[in-house]
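Structural overview
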Amino acid sequence: MSILPTEAPRRFYVETWGCQMNELDSQRMAGQLMQQGLLPTRDATEADVILLNSCSVRDKAEHKVYSRLGQYRLLKQKRPGLLIGLCGCVAEQEGKRALSRVPDLDFVLGTARVGELSDVIKRRRRGERIVATGFTDQRHYEIDQISRQGEYKGMVTLIEGCDKRCTFCIVPLTRGPERSRPLSEVLREVRHLLDYGFREIELLGQTVNHWREPGGQEDFADLLDAVARIDGVERLRFVTSYPRDFTSAMVEQFARHPNICPYLHLPVQSGSDRMLRLMGRGYTVEQYRNLVAELRRARPEISLSTDLIVGFPGETEEDHRATLELVEEIRFGSFFAFKYSPRPGTAAPKLPNPVDDATAGRRLQELFRLQEPIQLGLNERLVGTRQDVLVTGWGKEPGVQKGRTVCHRVVHFAAGEAPVAPGEITAVEISRALPHSLLGRHLDAVPVAGTELASHVERHI
Ligand code: SAH
Ligand code: F3S
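**Let's talk about the site of ligand 1**
- Residues in close proximity to ligand 1 total 16 residues, the closest being Phe-168, Gln-206, Gln-269, Asp-307 and Ser-341.
- The contact in question runs from an oxygen atom of ligand 1 to an N or O atom on the side chain of Arg-58, over 3.1 Å.
- Between ligand 1 and the protein, one listed contact pairs an oxygen atom with a side-chain N or O atom of Gln-269 at 2.7 Å.
- A total of 530 Å² of accessible area belongs to ligand 1 in isolation, and the protein chains cover 91% of it.
- Every element with two or more residues in the shell around ligand 1 is listed here: β13 (303-310) and β14 (334-339).
- Considering only residue class, the shell around ligand 1 consists of seven nonpolar, four polar and five charged.

Printed below as a string of structure tokens:
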């Protein structure tokens, strides 16, 4: 008798935009669907459930959501019974409006309601069109229900939401108030991920270093210390840190624990104090500079990355020059730079003297032009060195694998006869530097539990 099911399995397709929090939420949703017996697919046209996990941090991303939903709607003609769900930040922001704008949309699932997906789908199959948004005290967060398949690092939420009110940012509205998870729960999840075979742990939060033990005394420095001490945590990262909340005790952890990666994403947004004030960031350029110096004293090889916004209302050429100077001075390993985009419900759109699009575009280009040789110079220093690379997947060229160094640089190398499984750490000698990546020669794989990850992954699929 064949053990294969006679009916074709039902499949789901998840498209994810935006930050790591969304990536993890997609894994949580995939896990729930797999528990219901659905299988993942890479082809939306053969899916029975399509989830669009959206981002609304900038206006462009939000517009793309609606055009995407329009494309998915058309699939319903060929696939009766197909369910389409809008999830993530645009879902939270749009709520009911999305159902009226997109006639064939089946449900809208907000950021704090991810754990309710199975239930929402059941109700939809019974005929209800559902909008599940808003923030409640009750949360469904089942660590056993997260699908980690295909992932090379274990992501753990420390903090949900954000209580800062940066005047440009919609995140506090789409992700709700800040909620820290208890330390015991976090440690349990880290151990669970290590059992699963992950070697890199990434702690997540919009202001991850603002974590506090609910009702207790411990802060993020204590948590970092506790996680770094767990046997088997080979690489520990966390994102995103808020500069004002970064204490000396946190800096010390970089010196104390070699398994905390020498890499930190520390969004500065602007090199002008006037802009920082208008953005409501709560620190000065000087304080940021001092923090960077302290971090470099604690861990000289640390690589820093940042986020920058150009064309914020009222930004003058002088403010912009201050940002260029800061970028030149700090020498970030990389950065994300964006043109300011006015967001509904935030304070900044009401500020005077908006910057026109052409000026903002030119400023953005100036930043990228300045950064390119800096990045190339930093990457060139690694040529000839041996780097431990955590394999993340395949490059665009056939036979080329890619991965990340401890300082988060992208490395490409020829796979050879035995490709390395994603999630495994392997040694690569760096042979060439480009501005945005490194090329290298694959040395012998480090012979530890890496293959376990692959077998777990297969079992899970
Ligand atoms: N919590 C993080 C990141 C939030 S959003 C932090 O503390 O910085 C990620 C990045 O998007 C921000 O750092 C900012 O640079 C950018 N961003 C947010 N809102 C924006 C807007 N309205 N226009 C342009 N860029 C924006
Ligand atoms: Fe946004 Fe500022 Fe919070 S950038 S996510 S409001 S720290």
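Now that the structure is up, let's keep going.
**Details of the domain arrangement of the protein chain**
- As far as domains go, the protein chain holds domain 1 (11-132), domain 2 (150-380) and domain 3 (386-460).
- Each of domain 1 and domain 3 was reduced to a C-alpha centroid, and the two centroids are 32 Å apart.

**Regarding the sheet that holds strand β7 (residues 154-157)**
- The strand order β7-β10-β11 describes an open sheet built from three strands, whose pairing is parallel. Single-partner strands in this sheet number two, and they are β7 and β11 (235-239). If you compare each strand with its neighbour and ignore which way they point, the axes differ by 20 degrees on average.
- Here five bridges tie strand β10 (residues 200-204) to β11, and the two strands are oriented parallel to one another. Pairing of Ile-201 across the sheet is with Leu-236, part of β11.
- Sheet contacts for helix α8 (residues 220-228): β10 and β11; angle to β11, the most-contacted strand, approximately 155 degrees.

**Looking at the nonpolar core**
- Core analysis: the largest hydrophobic core is formed by 68 residues, its most contacted members being Leu-203, Phe-220, Phe-238, Phe-246 and Leu-295.
- Examining the composition of this core, we find that seven residues originate from one element, helix α7 (residues 183-196), more than from any other.
- Setting aside its immediate chain neighbours within four residues, Leu-295 contacts Phe-246, Val-251, Phe-254, Leu-264, Leu-266, Ile-302 and Leu-304.

**With respect to the site of ligand 2**
- Neighbouring ligand 2 are Cys-162, Lys-164, Cys-166, Phe-168, Cys-169, Val-171, Pro-172, Gln-206, Thr-207, Tyr-242 and Arg-281.
- Across the shell around ligand 2, the residue classes tally to seven nonpolar, two polar and two charged.

**Re the environment of Arg-409**
- By secondary structure assignment, the location of Arg-409 is in the loop between β16 (400-404) and β17 (410-414).
- Arg-409 gets classed as buried once you look at its relative accessible area, which sits at 13%.
- Spatially, the C-alpha atoms of Arg-409 and Tyr-141 are 32 Å apart, while their sequence positions differ by 268 residues.
- Reaching out from Arg-409, the side chain makes a polar contact with the side chain of Asn-379 at a distance of 2.5 Å.

**Some details on helix α11 (residues 285-298)**
- Between the first and last C-alpha of α11 there are 20 Å, a value that for 14 residues agrees with the 20 Å anticipated at 1.5 Å per step.
- Buried within α11 we find Val-285, Tyr-288, Leu-291, Val-292 and Leu-295. Along α11, the residues classed as buried sweep out an arc of 120 degrees about the axis, all on the same side.
- Buried residues along α11 sit in contact with α9 (248-256), β12 (263-265), α10 (273-279), β13 and α12 (317-330).

**Things to note about the pattern of salt bridges**
- Under the definition given, this model contains 36 salt bridges.
- In this structure, Glu-252 engages Arg-256 in a salt bridge whose closest nitrogen and oxygen atoms are separated by 3.6 Å. One end of the pair is Glu-252 and the other is Arg-256, both in helix α9 and four residues apart, which spans about a single turn.
- In this structure, the salt-bridge partner of Arg-289 is Glu-286, at a minimum N-O distance of 2.8 Å.

**Notes on the sheet that holds strand β2 (residues 39-40)**
- Spatially, β2-β1-β3-β4-β5-β6 is the arrangement adopted by the six strands of the open sheet, whose pairing is parallel. In the strand order of this sheet, the two ends are held by β2 and β6 (130-132), each with one partner.
- Of the pairings in the sheet, the one linking strand β1 (residues 11-16) to β2 comprises two bridges and is parallel in character. Along β2, the bridge assignment pairs Arg-11 with Leu-39.
- The strands that helix α2 (residues 59-78) touches are β1, β3 (49-54) and β4 (83-87); relative to β3, the one it contacts most, it runs at about 180 degrees.

**Comments concerning α12**
- Under the 1.5 Å per step criterion, the end-to-end length of α12 is 20 Å for 14 residues, consistent within 8% with the ideal 20 Å.
- Where α12 is concerned, the buried positions are Asp-319, His-320, Thr-323, Leu-324, Leu-326, Val-327 and Ile-330. What you see down the axis of α12 is that its buried residues fit within an arc of 160 degrees, all on one side. For α12, the exposed residues lying more than 90 degrees away from the buried face are Glu-318 and Glu-325.
- Those residues of α12 that are buried are in contact with α10, α11, β13, β14 and α13 (357-380).
- Phi turns positive, to about 60 degrees, at Arg-331, one or two residues after α12.

**Looking at unusual backbone geometry**
- Residues Val-239 and Thr-240 are joined by a peptide bond in cis, for which omega reads 5 degrees.
- In this fold, Thr-240 is placed in the loop between β11 and α9.
- Residues other than glycine seldom take positive phi values, yet Arg-331 does so here, at roughly 60 degrees.
- Residue position: Arg-331 is located in the loop between α12 and β14.

Scoring rules and cut-offs
Residues numbered from 1 in each chain as written. Chains lettered and ligands numbered in written order. Predicted model: local features only at pLDDT ≥ 70, side-chain atom pairs only at ≥ 80, totals over all residues. Heavy atoms only, no water. Near = heavy atom within 4 Å. Polar contact = N/O pair within 3.5 Å; in protein donor to acceptor, adjacent residues only side chain to side chain. Areas by Shrake-Rupley, 256 points an atom, 1.4 Å probe, with all protein chains shown as cover. Helix = DSSP H or I, 4+ residues; strand = E, 2+ residues; numbered from the N terminus. Nonpolar A, V, L, I, M, F, W, Y, C, P; charged D, E, K, R; others polar. Domains from an automatic or database assignment. Pairing = 2+ DSSP bridges. Axes fitted to C-alpha atoms, helices over the stretch in contact; angles between N-to-C directions. Contact = heavy atoms within 4.5 Å. Core = buried A, V, L, I, M, F, W, Y, C linked by side-chain atoms within 4.5 Å. Buried < 20%, exposed > 50% of the residue type's maximum accessible area, 1.4 Å probe, protein only. Expected span 1.5 Å × (residues − 1). Arc of directions from axis to C-beta. Salt bridge = Lys/Arg side-chain N within 4 Å of Asp/Glu carboxyl O.

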